[in-house]
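What follows is the residue order along each chain.
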Amino acid sequence: MHTTTGAHITYRQFWDNAARLAAALVEQGVAPGDRVAVQAEKHTVVLELYGAMIIAGAVLLPLNTAYTEAEVQYFLTDARPVLLVCDAEKAIALAAVAQACGVARVLVLTGDAENSVERLRDAQMAGLAPVVRTGEDIAAILYTSGTTGRPKGAMLSHRALATNAATLVEHWRFTAEDCLIHALPIFHTHGLFVATNVIMMAGASMHFLPTFDAAAIVRLMPQSSVLMGVPTFYTRLLDQPQLPDAARAMRLFISGSAPLLAETHAQWEQRTGHRILERYGMTETNMNTSNPYDGERRAGTVGFALPGVTVRIVDSETGMDVADGAIGLIEVHGDNLFSGYWENPAKTTEDMCADGFFKTGDMARRDADGYIHIVGRAKDLIISGGLNIYPKEIELIIDDWAGVDETAVIGVPHPDFGEAVVAVIVLAKGAGLDLAALRAHLSEQLARFKQPRHYVVVDGLPRNTMGKVQKNVLSATYRDLSQAKD
Ligand code: MLC
Ligand code: AMP
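Residues numbered from 1 in each chain as written. Chains lettered and ligands numbered in written order. Predicted model: local features only at pLDDT ≥ 70, side-chain atom pairs only at ≥ 80, totals over all residues. Heavy atoms only, no water.

K.L.:
What is the right way to look at the sheet that holds strand S15 (residues 309-314) in this model?
P.N.:
Hydrogen bonds between backbone atoms are what pair the strands of a sheet, whose relative direction is either parallel or antiparallel. Here four strands make up an open sheet; going across it, the order is S15-S16-S17-S18 and the pairing antiparallel. Every other strand in the sheet has two partners, leaving S15 and strand S18 (372-377) as the edge strands with one partner each. Across this sheet, the average inter-strand angle for adjacent strands is 45 degrees, counted without regard to direction. Both strand S17 (residues 358-366) and S18 contribute to a ladder of five bridges, which runs antiparallel. Bridge pairing links Asp362 to Arg377 in S18. (Pairing = 2+ DSSP bridges. Helix = DSSP H or I, 4+ residues; strand = E, 2+ residues; numbered from the N terminus. Axes fitted to C-alpha atoms, helices over the stretch in contact; angles between N-to-C directions.)

Take a look at the structure:
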């Protein structure tokens, strides 16, 4: 692993650190099956913690660094971790949150403080021998929201993670010779599992970037072979003048987490000569489908089911497979699936079919050559820059604001993030809206990426004959609202 500070970390160093860190975690009272929450900026020690958790048989609970204290409080209350690891700057504020949630200990990631993970690791003379776990044991819990507005923890087993990573190594032809440009955050499936697990399983190396930086990525391309990114990475990289030369010797560009516009696919090929390989996945399912490595990588499609994964497209009413070309709901089955939602069997049952297929909530059609096209979402979800935003979570907060009668939160096209959040608000009769105060309130409650970029006040929301708000009508009405890169 190469870092931007010029450090090079070998596998031997990495696993030695992870094993000593595992010993330190045990000393801190972490037992197999315990959850350890981590809200920290991207750093090699976070990856060591991930390794340490696997060695100690504990369960990693990574949290987006953009989450507010209010959001973190929810996750800690729900998952009841024994330990929270955070950045030193947030330690005081989060210690209060942790205490309120009954979390026994808070550690800081790096530095010289007595409660620093780095220091505790370095104080260990020997590493912990790996605790034996079965394939069914849980390796991580990743929170993902739902239509109810409250996030739920998707439990990922060792089997699901390991089998999916092995499939991707083979399907995308990773070898020890590869070097990945890792510019994704490591609190989501994409950066943590798809990128990191694949590299580790192939024994390959990576340039580990703290954040997305288009110029740095282009600079690193001549010494690298693969880039994994969300579509926003690719649209931003297209603005880099050095891209065509830099990209020439790269082996593979992979996109996922949100739809890649066919237009971006074409522009990328025109500028670099490479066809981006688009794949489709989810927190609950890991990776489901991929365009072929050797065959045609078809723009606007997510390819075919990966080996070991079964994908079916079914009619929303009858649940029967639809004919090729017809639109239906995607359901998936395989070892890649999660093991259920943490302490939420009712929701797990709701999202699973009786025969073990998972209902993704995505809508698709299969073309005459078998390629799967994702054409929309049956779930009320906005994806902005590869990050999921559930309208319900925002609507519930705005609806509670004085003077607001009701709200519909929608996604509209955005040139940089793909979609942008718009709040359409109906005020109570005679009420006014102090927008600045509402914005300030939302910024305390919600991570920045979830906060609406635009607010529109209307007299009433469009409804169908069943009384359901027609968000598609609102999205069409306001589709030009976010055309500038704001
Ligand atoms: C940052 N901002 C965002 C945003 N990211 N707003 C909306 N959507 C986003 N995704 C906010 C910032 O807080 C800032 O607010 C403003 O937008 C501009 O920020 P920026 O500096 O331009 O953003 P940047 O830091 O460059 O981040 C953009 C990004 C990042 C696209 C690089 O969001 C990113 O890394 N996204 C990838 C997410 C990901 O890994 N998804 C995978 C999920 S797993 P202000 O107010 O300060 O201006 C999954 C399964 C699967 O989905 O299939 O993979
Ligand atoms: P998450 O819950 O964060 O894991 O996000 C998963 C969702 O991202 C999926 O259900 C899809 O809606 C979307 N998604 C992931 N990859 C793609 C893709 N290649 N094209 C379209 N949507 C995608």
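K.L.:
Hey, could you run me through the pattern of salt bridges in this one?
P.N.:
For side chains of opposite charge, pairing can occur when their charged atoms come near one another. Overall, the coordinates contain 26 salt bridges when judged by the stated rule. Glu48 is the salt-bridge partner of Arg121, the closest N and O atoms lying 2.6 Å from each other. Separated by 73 residues along the polypeptide, Arg121 in helix H5 (residues 117-122) and Glu48 in helix H2 (residues 44-56) bring together distant segments of the chain. For Glu71, the salt bridge is made with Lys450, and the minimal N-O distance between the two is 2.5 Å. One end of the pair, Glu71, is in helix H3 (residues 69-79); the other, Lys450, is in the loop between helix H14 (435-445) and strand S23 (454-458), with 379 residues separating them in the sequence. Considered together, Glu71 and Lys450 belong to a single accessibility category, that of buried residues. Via salt bridges that share partners, Asp16, Arg20, Glu48, Arg121 and Asp122 belong to a single interconnected network. (Salt bridge = Lys/Arg side-chain N within 4 Å of Asp/Glu carboxyl O. Buried < 20%, exposed > 50% of the residue type's maximum accessible area, 1.4 Å probe, protein only.)

K.L.:
Would you mind showing me how to read the packing of aromatic side chains here?
P.N.:
One pair of aromatic rings is described through two measures. These are the centre distance and the angle between the planes. Under the criterion given, the structure shown has 13 aromatic pairs. In this arrangement the basic side chain of Arg251 is found over the ring face of Phe174, its NZ or CZ atom lying 5.1 Å from the centre. (Phe/Tyr/Trp six-rings, centres within 6.5 Å; stacked < 30°, edge-to-face > 60°. Lys NZ or Arg CZ within 6 Å of the ring centre and 35° of its normal.)

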